Amino acid sequence: MTERVPTNADKSRRITYLTEPYEHIVQGSGVVIVAEDNQGRIALIRHTVPLHGDILTAPGGGIEKDEDPLGAAKRELEEEAGIVAAVWTPLGTTVPMPRSTLELHMYAATDLSTGVQALTATEAEQGLTVVWTPCEEAVQAALDGRIKLAGAALALLIWSARTEETA
């Protein structure tokens with residue numbers, strides 16, 4: 001059998017990434033929540049994770065099997081932060097990495113009340129705490145890199161832009 005050598009005409013039409021092996025990470029989807037109280041403070045989460053050390057982020061987590069994204073957001077906000085929200089605003093969906101199946105659904109939560117925090121053993125071990133931060137400071141943390149998780153930073157910036165439009 002003879003191997004066919006592509007001609008220049010073939011090369012100009014060829015999209016090589018479709019013919020090469022495409023490595024990717026299979027991950028479940030998740031949610032991230034920007035929870036703002038009536039004083040203009042954002043509930044951020046501080047904890048220590050093995051790969052990145054001490055991080056500051058927004059509440060969030062994975063979507064469980066047969067769970068819709070909004071249901072996951074409501075569950076994660078209460079479990080991680082002990083917060084229940086009466087008003088939920090979708091902020092969109094992002095794909096944080098091009099070679100991953102992960103989709104991150106972003107929400108804003110307002111009209112907050114106290115719920116029941118229910119940390120997992122891992123979250124408790126990581127020292128997960130809620131840090132109430134003025135919205136302007138939380139946005140600055142997203143802009144200057146103190147909030148390292150892209151989805152949390154993006155959700156904060158989207159929420160800030162939307163609230164500035166309505167102000």
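Here we summarise the structure given alongside this text.

1. Quick look at the overall build of the chain
For the chain, the count of helices and strands is five helices and seven strands. Element order for the chain, N to C, with α for helix and β for strand: α-β-β-β-β-α-β-β-α-β-α-α. Of all 167 residues assigned to the chain, the portion counted as buried reaches 37%. Within the chain, contacts between residues at least 6 apart in sequence are counted, and of these 67% link residues at least 24 apart. For the chain, the exposed area adds up to about 10,300 Å²; of that, 54% sits on carbon and sulfur atoms.

2. Structural notes on the sheet that holds strand β5 (residues 83-94)
By way of backbone hydrogen bonds, the strands of a sheet pair with one another, either parallel or antiparallel. Pairing is mixed across the open sheet formed by four strands, whose spatial order is β4-β1-β6-β5. Edge positions in the sheet fall to β4 (60-62) and β5, since each has one partner strand and no second. Taken over all neighbouring pairs, the strand axes of this sheet differ in orientation by 25 degrees on average, direction set aside. Pairing between strand β1 (residues 30-35) and strand β6 (residues 104-114): six bridges, direction parallel. Within β6, the position partnered with valine 31 by the bridge is histidine 105.

3. Notes on the environment of valine 139
With respect to the secondary-structure elements, valine 139 resides in helix α4 (residues 135-144). For the pair valine 139 and alanine 153, spaced 14 residues apart in sequence, the C-alpha to C-alpha distance is 7.7 Å. If we ignore the near neighbours within four places in the chain, the residues touching valine 139 are Leu156, Leu157 and Ser160.

4. Some details on helix α2 (residues 69-81)
Here α2 contains 13 residues, and its C-alpha end-to-end distance of 18 Å stays within 8% of the 18 Å for a straight helix at 1.5 Å per residue. Among the residues of α2, the N-terminal cap falls to aspartate 68, whose side-chain oxygen and the backbone nitrogen of leucine 70 are separated by 3.2 Å. Within two residues after α2, glycine 82 carries a phi angle of roughly 70 degrees, on the positive side.

5. Structural notes on the packing of aromatic side chains
The final tally for this structure, using the stated rule, is one aromatic pair. Taken together, a centroid distance of 6.3 Å and an interplanar angle of 80 degrees make the contact between tryptophan 88 and tyrosine 107 edge-to-face. Of the two residues, tryptophan 88 sits in strand β5 while tyrosine 107 sits in strand β6, which places them 19 residues apart along the sequence. Of the two residues, tryptophan 88 and tyrosine 107, neither departs from the other in class, the shared state being buried.

6. Some words on the side chain of threonine 94
Summarising the element assignment, threonine 94 is placed in strand β5. Judged by relative accessible area, which is 19%, threonine 94 ranks as buried. The contact partners of threonine 94, leaving out residues within four places of it in the chain, are Leu102, Glu103, Leu104, Met106 and Leu154.

7. Some words on the nonpolar core
Val32, Val34, Ile42, Leu44, Leu91, Ile147 and Leu156 are the most contacted members of the largest nonpolar core, which has 21 residues in total. Filtering out sequence-adjacent residues up to four positions away, isoleucine 147 remains in contact with Leu44, Leu56, Thr57, Ala138, Ala141, Ala142, Ala152, Ala153 and Leu156. Listed in part, the 15 residues of the second largest apolar core include Ile33, Ile45, Leu77 and Ala81.

8. Quick word on the pattern of salt bridges
Counting across every chain of the model gives seven salt bridges. Between aspartate 54 and arginine 46 there is a salt bridge, with its nearest N and O atoms 3.1 Å apart. Judged by its relative accessible area of 46%, aspartate 54 falls in the partly exposed class. Here arginine 46 falls in the partly exposed class, since its relative accessible area comes to 33%. For arginine 75, the salt bridge is made with glutamate 64, and the minimal N-O distance between the two is 3.7 Å. Taken together, the residues span a long stretch of sequence, with arginine 75 in helix α2 and glutamate 64 in the loop between β4 and α2 at a distance of 11 residues. Residues participating in the shared-partner salt-bridge network are Glu64, Glu67, Arg75, Glu76 and Glu79.

Cut-off values and rules
- Residues numbered from 1 in each chain as written.
- Predicted model: local features only at pLDDT ≥ 70, side-chain atom pairs only at ≥ 80, totals over all residues.
- Heavy atoms only, no water.
- Helix = DSSP H or I, 4+ residues; strand = E, 2+ residues; numbered from the N terminus.
- Buried < 20%, exposed > 50% of the residue type's maximum accessible area, 1.4 Å probe, protein only.
- Contact = heavy atoms within 4.5 Å.
- Areas by Shrake-Rupley, 256 points an atom, 1.4 Å probe, with all protein chains shown as cover.
- Pairing = 2+ DSSP bridges.
- Axes fitted to C-alpha atoms, helices over the stretch in contact; angles between N-to-C directions.
- Expected span 1.5 Å × (residues − 1).
- Polar contact = N/O pair within 3.5 Å; in protein donor to acceptor, adjacent residues only side chain to side chain.
- Phe/Tyr/Trp six-rings, centres within 6.5 Å; stacked < 30°, edge-to-face > 60°.
- Core = buried A, V, L, I, M, F, W, Y, C linked by side-chain atoms within 4.5 Å.
- Salt bridge = Lys/Arg side-chain N within 4 Å of Asp/Glu carboxyl O.

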